[in-house]
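Listed below are the residues making up each chain.
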There are 4 protein chains.
Amino acid sequence: MQEILHNEKLPMEKVFRDPVHDYIYVQDRVILDLINTKEFQRLRRIHQLGTTSLVFHGAEHTRFSHSLGCYEVARRITESFERKYPSKEAGDGLWDDNERLVTLCAALLHDIGHGAYSHTFEHIFNTDHEKITTEIITDSSTEVNQVLSQVSPSFPYQVASVISHDYPNPQVVQLISSQIDADRMDYLLRDSYYTGTNYGTFDLTRILRVMRPYKDGIAFQISGIHAVEDFIVSRFQMYLQVYFHSVSRSMEVILTNLLRRANELYQSERSGESVNRGFQPHYLLPFFNDKFTLDDYLKLDDGVLNTYFAQWEDDSDPILSDLAHRFLNRKPFKSARYEEESKDLLPQLRDLVKEAGFDPTYYTATNNSYDLPYDAYDPTSKKPRTQIELMQADGSLVELSTVSALVQAISGKVSGDERFFFPKEMLVNSEESIFGPTYEQFQAHIKNNQLI
Amino acid sequence: MQEILHNEKLPMEKVFRDPVHDYIYVQDRVILDLINTKEFQRLRRIHQLGTTSLVFHGAEHTRFSHSLGCYEVARRITESFERKYPSKEAGDGLWDDNERLVTLCAALLHDIGHGAYSHTFEHIFNTDHEKITTEIITDSSTEVNQVLSQVSPSFPYQVASVISHDYPNPQVVQLISSQIDADRMDYLLRDSYYTGTNYGTFDLTRILRVMRPYKDGIAFQISGIHAVEDFIVSRFQMYLQVYFHSVSRSMEVILTNLLRRANELYQSERSGESVNRGFQPHYLLPFFNDKFTLDDYLKLDDGVLNTYFAQWEDDSDPILSDLAHRFLNRKPFKSARYEEESKDLLPQLRDLVKEAGFDPTYYTATNNSYDLPYDAYDPTSKKPRTQIELMQADGSLVELSTVSALVQAISGKVSGDERFFFPKEMLVNSEESIFGPTYEQFQAHIKNNQLI
Amino acid sequence: MQEILHNEKLPMEKVFRDPVHDYIYVQDRVILDLINTKEFQRLRRIHQLGTTSLVFHGAEHTRFSHSLGCYEVARRITESFERKYPSKEAGDGLWDDNERLVTLCAALLHDIGHGAYSHTFEHIFNTDHEKITTEIITDSSTEVNQVLSQVSPSFPYQVASVISHDYPNPQVVQLISSQIDADRMDYLLRDSYYTGTNYGTFDLTRILRVMRPYKDGIAFQISGIHAVEDFIVSRFQMYLQVYFHSVSRSMEVILTNLLRRANELYQSERSGESVNRGFQPHYLLPFFNDKFTLDDYLKLDDGVLNTYFAQWEDDSDPILSDLAHRFLNRKPFKSARYEEESKDLLPQLRDLVKEAGFDPTYYTATNNSYDLPYDAYDPTSKKPRTQIELMQADGSLVELSTVSALVQAISGKVSGDERFFFPKEMLVNSEESIFGPTYEQFQAHIKNNQLI
Amino acid sequence: MQEILHNEKLPMEKVFRDPVHDYIYVQDRVILDLINTKEFQRLRRIHQLGTTSLVFHGAEHTRFSHSLGCYEVARRITESFERKYPSKEAGDGLWDDNERLVTLCAALLHDIGHGAYSHTFEHIFNTDHEKITTEIITDSSTEVNQVLSQVSPSFPYQVASVISHDYPNPQVVQLISSQIDADRMDYLLRDSYYTGTNYGTFDLTRILRVMRPYKDGIAFQISGIHAVEDFIVSRFQMYLQVYFHSVSRSMEVILTNLLRRANELYQSERSGESVNRGFQPHYLLPFFNDKFTLDDYLKLDDGVLNTYFAQWEDDSDPILSDLAHRFLNRKPFKSARYEEESKDLLPQLRDLVKEAGFDPTYYTATNNSYDLPYDAYDPTSKKPRTQIELMQADGSLVELSTVSALVQAISGKVSGDERFFFPKEMLVNSEESIFGPTYEQFQAHIKNNQLI
């Protein structure tokens, strides 16, 4: 039995001016109320692209903008589905407009659990933004939950299950999360717009036009194959050129080492092994203590962390202070690519870095871009993704890469690279320094930005 | 005697990807070094438009981007001047390329003294961003000063004097600061791009093309009159529609009252009149104490203030806590326009606000948009601005508004409005509240967003 | 009694890729059929801007594109009206969706009667594109009429009456023809796009959003006043900078004189006064004979006329041949502005042109841009236009120029100029020619592109 | 010995407003004079994309615009080369600014020999636009030649030799004609802009920035690899989606058959085999007679041909008349893809077309898109193209496809398709016609737009 949803329409449609989608249209009371919750407003204080804005200075947009944009794309899709493919009876594989609200809420909230410098932070403090997203939506203490609960008692759980891929209707799930979903469509266009690169642009209007529901999810009319191809290629290009940019990864490496150092210092302080630091980063303490609540998590944002970094610049620990300084004032490490065969060099290079006076634990790192969330189409992966299906004139489906040379080309290829990061100082003119011979040795191993 | 400038060119031109100007080109070592100073990097943490992004969510860009953009516009102008109007002898009214570097540095640094939520902050704490700009440039403790001093000992003072309008060459001064200067050209385009409105766009290429130096400053060939007109109209439209937006002003009102409340509480605490608050906003204390250094000033940014606001949300003072909550979670006051003749109503309305339980000192405000830095062309003003001069075919000059109907129209008109701000609660349904009669009385005075 | 319309929907919506509106959507069989008629396809061979592309080379678009664009704007408006303001009972001042089809057809066909170089051609040959539009729509010999008649026998007359302003519903009439209608909205954006100027851009999305039907026509919600203002200003700027461009008017002057010369020669030939010219411009003969049919009219297009001009380049009449050459190879006359007080100079200048060997009847002209179809808002004009009405929060209307300083400024001003056109040869260096003294005298009267 | 070039600079740089490049800058007298020749002005009457505008209605731009655009791209490249890579001594592999003028003239004139519906016309009448280009440049009867000769007597031959790839300096040749040259860069951007598709866009600014001369031609700094990749992918996408569009090819098929039919009829008339047709297409007769001069060729343009087609619509020959009608009023043939294995069906299908009353010689055709001028990178081709070379940090070169997965993918793949064209009538409902059984049989062989 279908539960009754209390879905109040706004007396007058409300719009938000948006540089990417022109306008974002809100017609439902619950959407407007969600936007006004403190958990959602908090996304204004969390940058969408973390350290990327330190390379592409225009990219200072936040998860707030992206979340609105993702919602808007989803809204346009459901509007188009309702107009063109309305379900007449259960199980006919068409679009059931009762799914509209849960879809829009899931689109709006899909990133609500993200925190400041998410990926890096999670790594150090064992948080999990996906779990937290679910918590924010289903925990009765949050404003988000209170708004959703007014629709129906089970509504928050439905929204959460869409985001966790457990919702029964695959159309709804794929709209929010698949190889070509509302999330990706917004972020490619938005990141492209804000970085000022044009690699991420594609024909959104056309894609929305050829998108259609079918029994097992979402498909695309084959007449739109080129628009879908272009989307995939655009995404590929954005990864290589923006998301995997070596300087942005370098700043992430510094951030990682900075948080790691802080964690160690404050934990040792707690255990009495160390001097009292004076300054206590109030909102971070629960994380150092590994005992944080949802409320603690929601207190953090980019500005809070940066404020603590500023305090640490004056800390007595030279490593903490120096790394904070490098991060705040954008002093990236240098880096060089390496291949499997030059991996053996790394210990030696770390030793040279140490000889030059830098603790390699905090002043070097390796990082490959493969483990970043890149998901160019790959049906053979261990965690196989939903395929992109094209619908032919006679209604039969065909998988994208079997008919697109371009997509096939991207699917099979390994992309990204593996890099070794080290202080810029290692590359200075060896004659000008007492570490001359050390520098010389080090530099002999780097050529054309590669280890040799 | 011309002082010798040490101006090293970069071995390879460096570029920054920019969504507004496509690329920003850096050819001089000193420019790159200035960008890398901590004072300049700090601008990444200060939004360009303050509370405006709470209305136009896309406008999350910072003073860092704008400063780079202003530099780039100035660079293009000097490049064009050097190519088309190179001075052959002193006093010929053409462009002396020795002025190039001081111009570029001034363009890059013109906003370096801005702080977090500048205009509001200055109002409460008696800081002055123009004075601080001069200080950052000329005080030997700053990295900016150290970079500039390498050009020549007097170079920092030259750069500062351009920004303070005291530099002898009016061409240089007007390039950086006049009715149509590098600063305005960048911010109109940039704010337009990031808000997603298109009112601020104009034909930059054409304006740069018709711009030219002359004896007393900068003029525009009359063939470009329409591009200049369009610039003025665009600027006018941006003020009315973006910069003077009533909700953004409402958030500024809340911010003002919040900082005012904090200032009073912490000052009384210091004088022993009050309880100890527990939380000490480290970086703000020097301002509460009215004894701050340049270094103190440079510690502040949007993130630091927001971090303190978050702490204050939990403060025991209900007004401080509530205003912090409203600001961080975007709960604007409502407002209504009023004219001279309805001004008498204000005391009465404030009394009603008080009756409803809100201290009117912190929960109401008046604010007119005229005192915002709007400077549409007005030759009759007390502080007359440099006119925009058009150069005719025979070399004679004519002032813009005498030949442009559009500009004349804007020049004479009063723009903006005067508004009364109050809590949204005053507009709730009077039947649902014990304050019913109070609300009713209040609401009787507001019609069509106006006091009556 | 409402006549029944046979309005078949297409089984699948069809789209046309459009650079201005992205896509143009066709949902009705009759619209698709109209586009496929020969009278409509013929618009592909008639440029939208006549001689303007000889100044703005990008502006080579045709009336075909504009007609599709005008249709699309109208379609979006009716879609929005139907969604937001559906009429519930006759006379409620809201939108009756039965008006949709007649509106769309009128929008698509509003320019169907335009011919090659319309304005100039009409002037010489006494044709009237508005009358011809009506004829094409209502004459049973045309494909257009046959398509429309399938909807209902009286449907063609309804469509024609919308275009001629006689249709009873003022909403429909104003949608197609008023100060801010589908026609103007498309051509401003389109001409702006193709010329590459950005003066004509405005916020179409927002205008469509604030547009609404009311009892006496179309109004705009006052919240959208700035978008409407911007539209008016954009239009004003396009007139001054594109449509009134002096070189484009100069080419029009040559075209006028060329057609006039041809008309006279062929008429005298017919009356036996003159030699037989050999070449007979087949499709023009009915116009020389002043006895043309609708079919004759529809045979003409830009290419046909240009083909005849090419033939005339080889004609034995030196004036016909020379003017054809100047037109085809873009050799504009020069021109100078004049004011009322310098008008007396004209006879003298014409005499000098004659002395220099040019027949002033064909080698000079005066032309003012006021009589071009410029219709900036002017309620005091002899032929008063429908006002632009803004709807306030309480439903009352207010006329635009009473609340907009910008629009008021434009309304009152005289724009455009009066010019005297003459051969470029009159400005050559007087020393290099036997006509030296004549040239010198002539040139003494021209300064800064003005008669003195 | 270097010949002295007479290269006069314009007293004031002249600009042309251009929607693609914003402005086109002319600094040399010879360039302005070339633009004003009748041979160049004639390009205003020849569409850039032939029948493509019958599918993408926005694409009505001409070879005039493209030629200006190609010139502008070349101008920017030479400006950048002169600024960044000026040759110091002969043979140093850098840029010799004496090559500037010949490069710009070649860029401007590279398409000057194109005629109306070039590719189709050449096929029927054995003309050759490349040979004609050379003739226009070197034949002393043309205005183009006269302008060029003023630079130096041999200058026209130098310009022609650049276009024919015989010029000694490979840098100049590759700038005008290679896998990534000024021509392609302009047409991709321009065709993209005018069709309204965004597939053809790429980062021109960045490509110009990384382009550099070297001893054997033009290379690209490897830092710009992604911009070069994006260019190649964009080009690939434009071919598949715009240039190879099946409806546009269908209209080309009709045009081919129309001209073929006319040629046969007029040739048989000439040989006395046939009735006199009455109407004589004056400017086409030399081509029917296979005896045309350069002057004859230059008389033709799109408008002239269309004028003759209009006359032929009334011809007594039913095939000529019908094909003319179909072409002018856009009645495309239908088409179906076929593979090698379904080729055997073609004779049978042609027989069915004949049975249905259409002469298959004029009412069917096969056409593959491979022989259209597509040149995605293919080093193994019989006519190997200049490779795209990337320059590494140490100055060594590497060929693009060896380092780019995307480009490699495109290089190896066969693109485009082979199609069979036939009258739309063959697909009508078989029950409604006396040809029912014929239609049925025919339709049995077409499924999902493919022959089976």
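Every value quoted in this text rests on a predicted model; they were computed, and no experiment measured them.

## Describing the overall build of chain A
Within chain A, the regular secondary structure consists of 22 helices and eleven strands. For 452 residues, the compact-globule estimate of 2.2 N^0.38 gives 22 Å, and the C-alpha radius of gyration of chain A, at 24 Å, lies within 12% of that figure. Seen through its principal axes, chain A has C-alpha atoms that stretch 80 × 50 × 35 Å. For chain A, contacts bridging at least 24 residues in sequence account for 67% of all contacts bridging at least 6.

## Here we look at the interface of chain A and chain B
Contact residues are listed per partner, giving 30 residues for chain A and 30 residues for chain B. Those elements that place two or more of their residues in the side of chain A that touches chain B are strand 1 (9-18), helix 2 (38-41), helix 3 (63-84), helix 10 (182-195) and helix 16 (302-313) of chain A. Per-element tally for the side of chain A that touches chain B: the top contributor is helix 16 of chain A, with six residues. Looking at the side of chain A that touches chain B residue by residue, the classes come out as nine nonpolar, 13 polar and eight charged.

## Focus: the pairing of strand 4 (residues 217-221) of chain B
Residue and element names in this part refer to chain B. Two elements, strand 3 (residues 211-214) and strand 4, share four bridges in a ladder whose sense is antiparallel. Each residue of the ladder has a partner; that of Tyr214, found in strand 4, is Gly217. In sequence, strand 3 turns back onto strand 4 through a hairpin of two residues.

## With respect to the relation of the copies chain A and chain B
With an RMSD of 0.0 Å, chain A superimposes on chain B once it is rotated by 180° and translated 0.0 Å along the axis. Overall, the copies show the geometry of a two-fold rotation axis. It is Gly303(A) whose C-alpha, among those of chain A, lies nearest the rotation axis, at 1.8 Å. In this assembly the copies share their binding face: 100% of the residues contributing to the interface of chain A also contribute to that of chain B.

## What to know about the nonpolar core
Ranked by size, the top nonpolar core spans 514 residues in total, and within it Cys105(A), Val159(A), Cys105(B), Cys105(C), Cys105(D) and Val159(D) carry the most contacts. Dropping the residues within four chain positions of it, Val159(A) is found in contact with Val102(A), Cys105(A), Ala106(A), Leu109(A), Ile137(A) and Leu148(A).

## Some words on the sheet that holds strand 8 (residues 397-399) of chain C
Residue and element names in this part refer to chain C. Spatial ordering of the open sheet is given by 3-4-7-8, a layout of four strands whose pairing is mixed. On the outer flanks of this sheet lie strand 3 (211-214) and strand 8, each paired with one strand and no other. Between one strand and the next, the sheet's axes are offset by a mean angle of 45°, whatever the strand orientation.

## Here we look at the packing of helix 18 (residues 345-355) of chain D against helix 22 (residues 436-443) of chain D
Residues and elements named next belong to chain D. Running from amino to carboxyl end, helix 18 crosses helix 22 at an angle of 155°, the nearest separation of the two axes being 9 Å. In this view, helix 18 runs roughly antiparallel relative to helix 22, as classed from their interaxial angle. Both helix 18 and helix 22 take part in a crossing whose hand is left-handed. Touching Leu349, Leu352 and Glu355 of helix 18 are Thr438, Gln441 and Phe442, all from helix 22. By residue class, the composition of the contact of helix 18 with helix 22 is three nonpolar, two polar and one charged.

## As for the interface of chain C and chain D
In this assembly, 30 residues from chain C lie in contact with 30 residues from chain D. Put simply, the parts of the chain that give the side of chain C that touches chain D at least two residues each are strand 1 (9-18), helix 2 (38-41), helix 3 (63-84), helix 10 (182-195) and helix 16 (302-312) of chain C. Among the elements that line the side of chain C that touches chain D, the one with the most residues is helix 16 of chain C, at six residues. For the side of chain C that touches chain D, the per-class residue count stands at nine nonpolar, 13 polar and eight charged.

## Let's talk about helix 10 (residues 182-195) of chain B
Along an α-helix, a turn takes 3.6 residues, which lines up residues three or four apart on a common side. Residues and elements named next belong to chain B. Its 14 residues place the ends of helix 10 20 Å apart at the C-alpha level, agreeing with the 20 Å of an ideal helix rising 1.5 Å per residue. In terms of burial, helix 10 is a largely internal element, 13 of the 14 residues being buried. Once helix 10 ends, the next one or two residues include Gly196, with phi positive near 85°.

## Structural notes on the UniProt feature "domain: HD/PDEase" (unreviewed entry) in chain A
Here, UniProt's "domain: HD/PDEase" (unreviewed entry) annotation points to residues 59-197 of chain A. Taken end to end, residues 59-197 of chain A has its terminal C-alpha atoms 10 Å apart, with 64% of it in helix and 0% in strand.

## Structural notes on helix 18 of chain D
All names here are of chain D. Among all positions of helix 18, only Leu349, Arg350, Leu352 and Val353 are buried. Here the buried residues of helix 18 occupy an arc of 160° about the axis, which is enough to place them on one side. Along helix 18, the residues that are exposed and aim more than 90 degrees away from the buried face are Pro347 and Gln348. Downstream of helix 18 by a residue or two, Gly357 has a phi angle that is positive, lying close to 105°.

## A few points about the environment of Ile319(B)
Residue and element names in this part refer to chain B. Residue position: Ile319 is located in helix 17 (residues 318-328). Along the backbone, Ile319 and Phe333 are 14 residues apart, and their C-alpha atoms lie at a distance of 14 Å. Dropping the residues within four chain positions of it, Ile319 is found in contact with Arg261, Asp359 and Tyr362.

## Some remarks on the environment of Thr205(A)
Locating Thr205(A) in the fold gives a position in helix 11 (residues 204-210). Residues Thr205(A) and Gln237(A), 32 residues apart in the sequence, show an inter-C-alpha distance of 20 Å. In this structure Thr205(A) touches Asp22(C) and Tyr23(C), once residues within four positions along its chain are discounted.

## What to know about the sheet that holds strand 7 (residues 389-391) of chain B
Where strands meet in a sheet, backbone hydrogen bonds hold them as pairs that are either parallel or antiparallel. All names here are of chain B. If you walk across this open sheet you meet the four strands as 3-4-7-8, and the pairing is mixed. Every other strand in the sheet has two partners, leaving strand 3 and strand 8 (397-399) as the edge strands with one partner each. The sheet shows a mean angle of 45° between the axes of neighbouring strands, direction not considered. In terms of strand pairing, strand 7 meets strand 8 through three bridges, oriented antiparallel. Within the sheet, the bridge partner assigned to Leu390 lies in strand 8 and is Val398.

## A short note on the packing of helix 12 (residues 225-243) of chain B against helix 12 (residues 225-243) of chain C
Contact geometry of helix 12 of chain B with helix 12 of chain C gives a least axis separation of 12 Å together with a crossing angle of 180°. The angle between helix 12 of chain B and helix 12 of chain C falls in the class roughly antiparallel. Between helix 12 of chain B and helix 12 of chain C, the residues in contact are His226(B), Asp230(B), Val233(B), Gln237(B), Leu240(B) and Gln241(B) and His226(C), Asp230(C), Val233(C), Gln237(C), Leu240(C) and Gln241(C), respectively. Broken down by class, the residue content of the contact of helix 12 of chain B with helix 12 of chain C amounts to four nonpolar, six polar and two charged.

## Side note on the confidence of the model for chain A
Residue-level pLDDT values for chain A average 90, and 95% of them are 70 or greater. Interface confidence in the predicted complex, given as ipTM, is 0.93; pTM for the same model is 0.92.

## Points about the domain arrangement of chain A
Residue and element names in this part refer to chain A. Parsing chain A into structural domains produces domain 1 (9-244) and domain 2 (245-331). Computed from C-alpha coordinates alone, the two centres of domain 1 and domain 2 are separated by 31 Å. At the junction of the two partners, domain 1 supplies 24 residues and domain 2 supplies 21 residues. Elements supplying a minimum of two residues to the side of domain 1 that touches domain 2: helix 5 (118-125) and helix 6 (129-138). With five residues, the top contributor of residues to the side of domain 1 that touches domain 2 is helix 5. Taken together, the residues that form the side of domain 1 that touches domain 2 break down as eleven nonpolar, eight polar and five charged.

## A look at unusual backbone geometry
Residue and element names in this part refer to chain B. Its identity is not glycine, yet Asp290 carries a phi of approximately 60°, on the positive side. Looking at the secondary structure, you find Asp290 in the loop between helix 14 (285-288) and helix 15 (294-299). The phi angle at Arg330 is positive, at roughly 55°, despite the residue not being glycine.

## Looking at the environment of His57(A)
With respect to the helices and strands, His57(A) occurs in the loop between helix 2 and helix 3. Residues His57(A) and Cys70(A), spaced 13 residues apart in sequence, show a C-alpha to C-alpha distance of 23 Å. Excluding anything up to four places from it in sequence, His57(A) contacts Phe16(B), Phe64(B), Ser65(B) and Leu68(B).

Basis of the calculations
- Residues numbered from 1 in each chain as written.
- Chains lettered and ligands numbered in written order.
- Predicted model: local features only at pLDDT ≥ 70, side-chain atom pairs only at ≥ 80, totals over all residues.
- Helix = DSSP H or I, 4+ residues; strand = E, 2+ residues; numbered from the N terminus.
- Rg over C-alpha atoms; globule rule 2.2 N^0.38 Å.
- Contact = placed C-beta atoms within 7 Å.
- Nonpolar A, V, L, I, M, F, W, Y, C, P; charged D, E, K, R; others polar.
- Pairing = 2+ DSSP bridges.
- Least-squares fit on C-alpha atoms with pLDDT ≥ 70 in both.
- Core = buried A, V, L, I, M, F, W, Y, C linked by C-beta atoms within 7 Å.
- Buried ≥ 20, exposed ≤ 12 C-beta atoms within 10 Å, placed from the backbone.
- Axes fitted to C-alpha atoms, helices over the stretch in contact; angles between N-to-C directions.
- Parallel < 35°, antiparallel > 145°, perpendicular 65-115°, else oblique.
- Left-handed = near helix turned anticlockwise from the far one by under 90°.
- Expected span 1.5 Å × (residues − 1).
- UniProt positions renumbered as here; feature names shortened; annotations may be inferred.
- Arc of directions from axis to C-beta.
- pLDDT = per-residue confidence, 0-100.
- Domains from an automatic or database assignment.

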